[in-house]
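# Descriptive structure summary
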Amino acid sequence: MSGVADWRFGALLWVGFGLAVTGGGLSVGVEAEVTVRTDFPCGSLGSFKQTAPDRFVGSTAHWIKQDRVGDQYYWFYFRIDGAANRALTFELNHIEGVYRGNAHFVYTPRTHPVVSYDKQSWQRITDVTYDADARRFTFRHAFRQGTAWVAYAHPFTLDQNASLIRDAEATPHASVSELGRSVEGRAIQMISFGTDGAADRPIVLINALQHSGENGGALVMEGLCRFLFSDEAEAEALRQAYAFHVVPMMNPDGQFHGVSRYTWAMVDLNTQWYTPAPGEPEPAVEVLAVKRWIDAVYQDGGKIALWLDLHSNTQRAERNALQSPDNILKPLADHINQHWPIIPRDRNKTRSARDYGYNTYQMMAGNVEISQSRMGDSTDFTIADYHRFGRTLALSIDAWHRELQH
Ligand SMILES: [Zn+2]
């Protein structure tokens, strides 16, 4: 028997081709059941069915923005069981969306999803084809073990975030506070370093995951935090010199539900950085949580020396970028470039995080876009690469800030 279940999310997707039975009264399984499911945090997939013992056909989930001018669709993350020693093909159709009112195509012939048997170590799937006319992306993988996780790119799940928070609470080098709650009541937390001593240390604010699914930026953030947790002399020097404040996950609801870009309320948080005019609705609560913290710093007579809002390009872009109003952070990009490649770009867009900082407080503010594939002709980024980027981002911030003081 074969069955197809349409589902929204959180369901067991499909229970596959049943056991074939041979004669003599003995049941012999010639085809083990293959199941695909997304009922775990950050799991996501559109309609999906098994059309042959070794072939699955479907699409990613589409997420329509509240104002209906955005349709984001690239993130998928599923668990497969019964896959041991089988080469399986996955065909994704309907892979087109809308970004700022324009047709948006994310998948390419160089898109390399990831697979893991333990959710710790991931490998890229490079056996892929992209049919640009049919807008069809197909990938194949020979599974060594029965249970595996497959995703668009490296995940940064709520579990990983919780583990980072636990480690922050366990080290004497950091403290954790709660800035607010998401629409669904999940904590929006801040990890602070270097706040134990002198009050006049320059404040560096870093946040990740305004946009769910942009996990490359989150993994850079994780690398930066793990460096600052460490007993390395360079980390200690940074903790003495600066007050680093890190908001690891601004959009936990979108992340939990496996949404591409938006919150679960289908809001793009990076359009919510404004002070409402009379009659205008308040910004999203996730933004308010961080915005109030920023406003309080300035109301108390303080200032923020640098604010970096970490995002990810999709796999399509194949570049890292540091975008700032009037390219004010180009000198920081020059320092980062001594460690890993990043392109400085002049960007100004109202109601984004960096522009709120720049326009309201004349802050040195920018957003970092980290590729979820690679940089130009480099090899595909790994988690170790992202963590290295995070460590050297912290060192680059220091080098840039020292230069600024001269
Ligand atoms: Zn983004």
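Nothing here was measured: the structure is a model prediction, and the numbers come from that model. (Residues numbered from 1 in each chain as written. Predicted model: local features only at pLDDT ≥ 70, side-chain atom pairs only at ≥ 80, totals over all residues.)

## Some words on the domain arrangement of the protein chain
Once the domains are mapped, the protein chain shows domain 1 (12-151) and domain 2 (158-405). For domain 1 and domain 2, the distance between their C-alpha centroids amounts to 31 Å. Each side of the interface is counted separately: domain 1 has 23 residues, and domain 2 has 20 residues. A breakdown of the residues in the side of domain 1 that touches domain 2 according to their chemical character gives 11 nonpolar, nine polar and three charged. (Domains from an automatic or database assignment. Contact = placed C-beta atoms within 7 Å. Nonpolar A, V, L, I, M, F, W, Y, C, P; charged D, E, K, R; others polar.)

## Details of the sheet that holds strand 3 (residues 48-52)
Strand order in the open sheet formed by five strands is 3-4-8-14-13, and the pairing between neighbours is mixed. For this open sheet the edge positions go to strand 3 and strand 13 (128-131), each flanked by a neighbour on one side alone. Within the sheet, the average angular offset between the axes of one strand and its neighbour, ignoring direction, is 20°. Looking at chain direction, strand 13 and strand 14 (residues 136-143) are connected through four bridges and run antiparallel. If you follow tyrosine 130 over to strand 14, its bridge partner there is phenylalanine 137. (Pairing = 2+ DSSP bridges. Helix = DSSP H or I, 4+ residues; strand = E, 2+ residues; numbered from the N terminus. Axes fitted to C-alpha atoms, helices over the stretch in contact; angles between N-to-C directions.)

## Observations regarding the sheet that holds strand 19 (residues 243-247)
Sheet strands pair by backbone hydrogen bonding; their relative direction is either parallel or antiparallel. Taken together, eight strands build an open sheet; the order of strands is 16-17-19-18-20-23-21-22 and the sheet is mixed. On the outer flanks of this sheet lie strand 16 (174-181) and strand 22 (343-346), each paired with one strand and no other. Averaged over all pairs of adjacent strands, the angle between strand axes in this sheet comes to 20°, irrespective of strand direction. Sheet topology places strand 18 (residues 203-208) next to strand 19; five bridges connect them, and they run parallel. Paired with valine 204 across the strands is phenylalanine 244, a residue of strand 19. The sheet strands contacting helix 5 (residues 285-299) are strand 16, strand 17 (187-193), strand 18, strand 19 and strand 20 (304-312), and the helix crosses strand 16 at an angle near 125°.

## Side note on helix 2 (residues 215-229)
With 15 residues, helix 2 extends 20 Å between its outermost C-alpha atoms, agreeing within 8% with the 21 Å of an ideal straight helix rising 1.5 Å per residue. By the criterion of burial, helix 2 is predominantly enclosed, with 14 of the 15 residues buried. (Expected span 1.5 Å × (residues − 1). Buried ≥ 20, exposed ≤ 12 C-beta atoms within 10 Å, placed from the backbone.)

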